[in-house]
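One-letter residues, chain by chain:
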Amino acid sequence: MSASIQAAWLAADGLKHVLQEDLLLRGVTVTQWHGMLALSSQKPVYSPWALDIWTAPQKVNIQSIRDASDRLRAIQRNWSLYAADCFRRAGLIVQKLPPVKAAPLVFPAHTPTSPLGAWTLLNTSTMLFSATKSSPFVNGAPEFVENRTDPPSRAYLKLWEACTRLGRWPVAGERCYDLGATPGGWTWALATLGAQVTAFDRAPLAPSVAAMPGVCFEQASAFGLDPKQLPAVDWVFSDIIAYPQRLLRLTRAWVESGQTKNIVLTVKFQGDTDHETVAAFEAIPGGALAHLAHNKHELTFFWSQEAALKGQSPLPANAF
């Protein structure tokens with residue numbers, strides 16, 4: 001392993017090769033993998049496929065469990081473990097660190113603001129740690145107090161995570177379109193916030209969702225809609241299954257129409273990852289991509305009209 005590690009990217013399960021391909025396209029070579037953590041001697045760059053990015057890693061030799069915990073405590077209070085090896089020794093170090101207050105979030109909720117570092121044991125005598133990282137959550141994965149009875153699917157957790165990552169969500173009275181809504185997990189989540197939701201799909205919504213206050217269903221294909229012919233709304237959401245290039249055309253149509261202020265859309269990939277389309281999404285002014293803990297082989301695209309006008313990312317500022 002290279003003695004100099006300047007950045008580390010945490011991959012989601014099953015997506016190590018996708019993260020490595022993406023980093024290579026951004027000019028970064030992975031020096032070595034430590035579990036799902038990609039290590040490099042090159043400086044950190046943003047990759048949408050990383051759950052978390054360690055932006056200032058340091059590698060140190062440790063003499064004991066106490067030595068490891070003392071080194072971390074001397075820098076800051078809150079530390080999260082990424083465990084890929086030496087599990088027992090790492091667990092003993094955790095016991096000597098202040099507990100991380102990471103209770104499940106009750107949505108809607110803002111992200112934690114206290115600094116959170118990350119660390120791991122490369123072997124029994126070598127610790128890698130970073131006082132700063134891109135995600136405020138342990139290993140980039142927020143936990144929510146789930147609703148296991150009302151929503152028709154667990155897809156609502158992806159929307160909850162997306163809005164939490166964005167730092168904003170529809171409020172009571174705002175108007176939303178949910179494209180490809182059936183069975184209605186996202187529509188349920190939006191209506192629960194008090195938003196007015198028009199759900200489009202060829203198949204009907206779950207009856208319990210269709211009966212919710214503020215929900216209107218229209219039987220239509222998301223790809224057959226002409227945004228310019230529809231009333232303007234505050235938000236457009238979509239978790240529809242389609243080829244990435246088709247989703248790109250759909251997204252561009254909504255952006256260019258001027259008929260929405262915000263877009264949150266899942267970009268799903270079948271088979272090989274379409275890195276060219278990823279780059280095309282990233283090139284949309286006011287847009288950004290991120291891999292959520294509830295995403296599979298997919299990314300979530302965020303766009304806002306305000307961010308486009310200001311030449312900014314719609315996601316809250318981070319190390320990138």
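Description of the structure in this document. (Residues numbered from 1 in each chain as written. Predicted model: local features only at pLDDT ≥ 70, side-chain atom pairs only at ≥ 80, totals over all residues. Heavy atoms only, no water.)

Core analysis: the largest hydrophobic core is formed by 53 residues, its most contacted members being W9, L19, L179 and F281. Take this core: its biggest share by element is five residues, from strand 1 (residues 7–11). Ignoring anything within four residues of it in the chain, the contact list for L179 reads F200, A222, L225, V236, F237, S238, D239, I240, L250 and W254. Among the nonpolar cores identified, the runner-up in size contains 37 residues, and W169, W186, V264 and A288 belong to it. (Core = buried A, V, L, I, M, F, W, Y, C linked by side-chain atoms within 4.5 Å. Buried < 20%, exposed > 50% of the residue type's maximum accessible area, 1.4 Å probe, protein only. Helix = DSSP H or I, 4+ residues; strand = E, 2+ residues; numbered from the N terminus. Contact = heavy atoms within 4.5 Å.)

What characterises a pair of aromatic rings is the spacing of the ring centres plus the angle enclosed by the ring planes. By the definition in use, this model includes 14 aromatic pairs. Summarising the aromatic geometry, the rings of W79 and F129 are spaced 5.8 Å apart at their centres and angled 85° between planes, so their arrangement reads as edge-to-face. With a gap of 50 residues between them, W79 in strand 6 (residues 79–81) and F129 in strand 8 (residues 126–130) connect regions that are remote in the sequence. Overall, W79 belongs to the buried group, its relative accessible area being 4%. For F129, a relative accessible area of 4% puts it in the buried group. Here the aromatic cluster, defined as three or more aromatic residues joined through ring pairs, consists of F107, F144, Y156, W160, W169 and W188. The ring of F223 has R246 lying over it, and the distance from NZ or CZ to the ring centre is 4.0 Å. (Phe/Tyr/Trp six-rings, centres within 6.5 Å; stacked < 30°, edge-to-face > 60°. Lys NZ or Arg CZ within 6 Å of the ring centre and 35° of its normal.)

We now examine the state of the cysteines. Using the criterion set out here, one finds zero disulfides in the structure. We note that C176 lacks a disulfide partner, and the nearest cysteine sulfur, in C163, lies 8.8 Å from it. By relative accessible area, C176 is classed as buried at 1%. Here C216 is not disulfide-linked; the sulfur of C176 is the nearest cysteine sulfur, at 13 Å. (Disulfide = S-S within 2.5 Å.)

On to the pattern of salt bridges. By the definition in use, this model includes 13 salt bridges. Notably, a salt bridge pairs K158 with D239, separated by 3.0 Å at the nearest N-O pair. Within this pair, whereas K158 is found in helix 4 (residues 156–166), its partner D239 is found in the loop between strand 12 (233–238) and helix 7 (244–257), the two being separated by 81 residues in sequence. No difference in accessibility class separates K158 from D239, as the two residues are buried. The partner of E298 in a salt bridge is K268, and the shortest N-O contact between them spans 3.2 Å. Residue E298 is found in strand 15 (residues 298–304), and its partner K268 is found in strand 13 (residues 260–268); the two are separated by 30 residues along the sequence. (Salt bridge = Lys/Arg side-chain N within 4 Å of Asp/Glu carboxyl O.)

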